[in-house]
Every structure is written in C-alpha cells, then in structure tokens.
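If you want the building blocks of each chain, they are given just below.
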Amino acid sequence: MSDLSKNNLLVSDLKKIIESGKNQIAQTVNVTLIATYWHIGKRINNEILQNKRAEYGKQIVSTLGRELTETYGKGFSAKYLRKMMRFNEVFIDFTIVASVMRQLSWTHFTKIIHLKTTLEREFYVQMCRIEHWSVRTLQKKIDSMLFERTAISKKPEELAKLELKQLKEENILSPDLVFRDHYVLDFLNLKDTYSENDLETAILREIEKFLLELGTGFTFVNRQKRMTIDNEDFYLDLLFYHRKLKRLIAIELKLGKFKASYKGQMELYLRWLEKHETETDEEKPIGLILCAEGNHEQIELLQLDNANIKVAEYITKYLPKKLLAKKLHQFTKIAKMQMANKAGINYKELKGE
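Residues numbered from 1 in each chain as written. Predicted model: local features only at pLDDT ≥ 70, side-chain atom pairs only at ≥ 80, totals over all residues. Heavy atoms only, no water.

Engineer: Even after reading the chapter, I still don't get the sheet that holds strand S5 (residues 286–291), so can you show me in this structure?
Structural biologist: Backbone hydrogen bonds are what pair the strands of a sheet, in a parallel or an antiparallel way. The strand order S1-S6-S5-S4-S3-S2 describes an open sheet built from six strands, whose pairing is mixed. Both edges of this open sheet fall to strand S1 (182–184) and strand S2 (218–229), since each of them pairs with a single strand only. Averaged over all pairs of adjacent strands, the angle between strand axes in this sheet comes to 35°, irrespective of strand direction. Where S1 and strand S6 (residues 309–315) come together, three bridges link them in parallel fashion. (Pairing = 2+ DSSP bridges. Helix = DSSP H or I, 4+ residues; strand = E, 2+ residues; numbered from the N terminus. Axes fitted to C-alpha atoms, helices over the stretch in contact; angles between N-to-C directions.)

So this is what it looks like as structure tokens:
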C-alpha cells in the first residue's frame, strides 16, 4: 500500500471516530435535556399541587419564567416551562420516558404531549421509536391523522393497549398497527377522471412518497405480477414485502366502491403467492384492496380478516384537516358499531351512554 493510500485510510478512519463521538455527545446531551425538563416539570407541578390555588399556579410559572430566563436564556421562559409541566403530566412515569429518550428528541416529545389520549400518545411514541421518524415526519403523520386511520384506533381500549405493549416490550408489530383504513394519496396529482392504470402509473412515479404513506418496512417487489393458473394468466397490480411482518403484501387498486367479488380474486392471488413465492420462514401473505370507497356492510359480512385481506379507501384530493377528521369520525363510528355487533355488545353501552 502506498503512503498516499495509507494516509487516505487513516483520514477515513479518523473521520468515522469523530462522527461517532459527535453522535454520542449529541445523544448524551439529548438524554440529559429530556430528563432535566421532565424533572423541572415535576417540581413545578408538585409545588402548584401543594398550594392548591389556580391563581398561584399562574403567578409562579410567570415568575419562574422571568427569573430563569435571566440566568439561562429564553429556553426557560414561562411558555417552555408550561411545556415541561405538560410533559410531566402526560408521562407521569419517568421509566416510560427513559425507555425511549435515546430514540426521541425533546422536539419529538413537544409534538406528542398535546395529543388528546394516552393511547394516541403511546402510539406515536412507539412508532417514532420503531420506525425512526424525524420530527418533520412525525408532524406530517399527526397532521394526516395517522392514528385515527389505523385499525388499532377502532379497537376496544384494552386490546389496543395490549398490542402497543407488545410493540413496546417485544417489538412485535401487528398488522393492525401497519395497515390504515384510509390512505392519503393527494401527492399523485391525478386528474378528475382517471383509470386504474393511471392510478398504478402515478403510484410508481411517486413510489417514494407512496412507500412513506404505507409506512416503514415496505419494499417494492413487482408491478403486474403474472400468475399462471390452469393455463390462464392473472396479473396482480402491485406486490410489496414487509420486512418486520415478514410477509408478502399483495395490493389491488380499484375504482369506485368495494365489491364482494374482489374477495375471491384476492384470495386466489394470496393462495398462489403462498404456494409459489413464500419462503419457509415467512408468514402468510396479506392482501390489501385499495378502493375509492368502501361498502361497510359487505366488508363486515365477508369477514375478510379471516382471509388475511384488508380493505382501505384512498383519498386522492387534498382535504383540510377538519374535513378529513369528519370523514374519519364517520368511518370510525361505523367500524366501532360493527365491532360491537360482532361481540354482541350494544354500541351505546360501548360508548357509555
């Protein structure tokens, strides 16, 4: 090896050591900051709780903000102290914070702490951890109401908590945490009138954005996958593989409403993939039928989950968050009624009415 090559190798090794050291320093600083902010929030909350006067709480936070800002800068103003207090309130058990603060930054937590429910916050914390979301990605997922679009948000709370617990403690990612009931595909820029082929072509053109919407773990395998059965050729629109689920994912694109006949078509594809494409260490393939609109009663009666088939609606036009929330609320109400009926529970009892 020449002296020049040796020098280049040495420089390369030193750069790796420096970058590794910088990353460790940044991680250590992040962990220390998060722990500090949690304990500050706890101390202030305890002080206010002991005094038991709301007016005192407002006064003490403002006073502390002024005094701490003079010494430590605007990062300790009353506004930021309230974030620390909220942080402690919603994550009252520090062990929960400690288990993820090497994967999540303080900015991640500031996006999560104002979410409404414990289940929603836990969902985003664990998805950030396992999918390594940036703050920007997390905000985008929250804005697109990802939690409300997953099957887990429609389940009874205890079952949902159990799945999140498995994800947290054993890194077991269930299909209900992976698949959505609505996919937002407004990035495809489709015209008002389009064909299934136009939809497929647009997805392939924007495959990176489509993969981001599907979620981490998906890998594109093939388009128009040919399957020869009884000397007749069949073609699956899109074939993906999910690394964490260890399954092939067959996707069929449909215009208009869901039809019962789609089930038989997808079952044929899944059985063929299971027979000819599935490795011995992989789970059975899952089918995802993407439709412009669902037929909720047909989907319920067909018991598609038993056949490893998911049905979801896609949204190709941008919807303001209020309209999206309204659409998802209506869908959630129908889904919960169907779950209650399946379990023999009155829907009003489920809601506590």
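Engineer: Is there a simple way to explain unusual backbone geometry in this structure?
Structural biologist: Excluding glycine, residues mostly have negative phi values, and the peptide bonds linking residues are mostly trans. One non-glycine residue, methionine 145, lies in positive phi territory at about 55°. The topology assignment puts methionine 145 in the loop between helix H7 (135–143) and helix H8 (146–149). Given a relative accessible area of 9%, methionine 145 falls into the buried group. A positive phi is found at asparagine 189, a non-glycine position, where the angle reads about 55°. In this structure, asparagine 189 sits in the loop between S1 and helix H11 (196–205). (Buried < 20%, exposed > 50% of the residue type's maximum accessible area, 1.4 Å probe, protein only.)

Engineer: Help me understand the nonpolar core, please; the structure alone is not making it clear to me.
Structural biologist: The nonpolar side chains of soluble globular proteins are, as a tendency, buried together. Counting 69 residues, the largest nonpolar core has Phe91, Tyr124 and Ile251 as the members making the most contacts within it. The leading source of residues in this core is helix H6 (residues 118–131), at seven residues. When sequence neighbours within four positions are dropped, the list of residues in contact with tyrosine 124 reads Ile112, Leu115, Trp133, Leu138, Lys141, Ile142, Met145, Leu146, Phe147 and Glu148. (Core = buried A, V, L, I, M, F, W, Y, C linked by side-chain atoms within 4.5 Å. Contact = heavy atoms within 4.5 Å.)

Engineer: I would appreciate a short explanation of the pairing of S6 in the present structure.
Structural biologist: It is a general feature of regular strands that their side chains alternate between the two faces of the sheet. Most of S6 is tucked away: seven of the seven residues are buried. Both S5 and S6 contribute to a ladder of five bridges, which runs parallel. Bridge pairing links glycine 287 to isoleucine 309 in S6. Tracing the backbone out of S5, into helix H14 (residues 296–302) and back to the parallel element S6 gives a crossover that is right-handed. (Right-handed = clockwise from strand over helix to strand, strands pointing away.)

Engineer: Just to check I follow, could you spell out the packing of aromatic side chains for this structure?
Structural biologist: The relation between two aromatic rings is expressed through the spacing of the ring centres and the mutual angle of the planes. All chains considered together, the criterion is met by 16 aromatic pairs. Taking 4.9 Å as the distance between ring centres and 50° as the angle between the ring planes, the aromatic pair formed by tryptophan 38 and phenylalanine 94 counts as tilted. In this pair, tryptophan 38 is assigned in helix H1 (residues 3–51) and phenylalanine 94 in helix H4 (residues 94–100), connecting sequence segments 56 residues apart. Relative to phenylalanine 240, the ring of phenylalanine 210 lies with its centre 5.9 Å away and its plane at 50°, an arrangement referred to as tilted. Remark: phenylalanine 240 occurs in strand S3 (residues 232–242) and phenylalanine 210 occurs in helix H12 (residues 207–214); sequence separation between them is 30 residues. For the pair shown, phenylalanine 210 and phenylalanine 240 are each scored as buried. Site record: aromatic cluster; members linked through ring pairs are Tyr37, Tyr72, Phe76, Phe87, Phe91, Trp106 and Phe109. (Phe/Tyr/Trp six-rings, centres within 6.5 Å; stacked < 30°, edge-to-face > 60°.)

Engineer: Hey, could you run me through H6 in this one?
Structural biologist: Taking 1.5 Å of rise per residue, 14 residues should cover 20 Å, and H6 covers 20 Å from first to last C-alpha, within 8% of that figure. The element H6 is extensively covered by neighbouring structure, given that 13 of its 14 residues are classed as buried. The first or second residue beyond H6 is histidine 132, which carries a positive phi of 55°. (Expected span 1.5 Å × (residues − 1).)

Engineer: Please clarify how the pattern of salt bridges should be interpreted in this entry.
Structural biologist: Applying the stated criterion across every chain yields a total of eleven salt bridges. For glutamate 47, the salt bridge is made with arginine 43, and the minimal N-O distance between the two is 3.4 Å. Here arginine 43 and glutamate 47 lie together in helix H1, a separation of four residues that amounts to about one turn. Here arginine 271 and glutamate 274 are joined by a salt bridge, their closest N and O atoms 3.2 Å apart. With arginine 271 and glutamate 274 both in helix H13 (residues 261–276) and three residues apart, this pair spans about one turn of that helix. (Salt bridge = Lys/Arg side-chain N within 4 Å of Asp/Glu carboxyl O.)

Engineer: Could you clarify how one ought to interpret the environment of glycine 65 in this entry?
Structural biologist: Relative to the elements of secondary structure, glycine 65 occurs in helix H2 (residues 54–72). Residue classification places glycine 65 among the buried residues on the basis of a relative accessible area of 3%. With 16 residues separating them in the primary sequence, glycine 65 and leucine 81 have C-alpha atoms 6.9 Å apart.

Engineer: When you look at the side chain of arginine 180 in this model, what are you seeing that I'm missing?
Structural biologist: Mapped onto the elements, arginine 180 comes out in the loop between helix H10 (175–178) and S1. Despite its burial, arginine 180 pairs with no opposite charge; the closest candidate is glutamate 213, at 5.2 Å N-O. Side-chain polar atoms of arginine 180 contact the backbone oxygen of valine 178, separated by 2.8 Å. Filtering out sequence-adjacent residues up to four positions away, arginine 180 remains in contact with Lys141, Leu146, Arg149, Thr150, Glu213, Leu214, Gly215 and Ala312. (Lys, Arg positive; Asp, Glu negative; His and termini not counted. Polar contact = N/O pair within 3.5 Å; in protein donor to acceptor, adjacent residues only side chain to side chain.)

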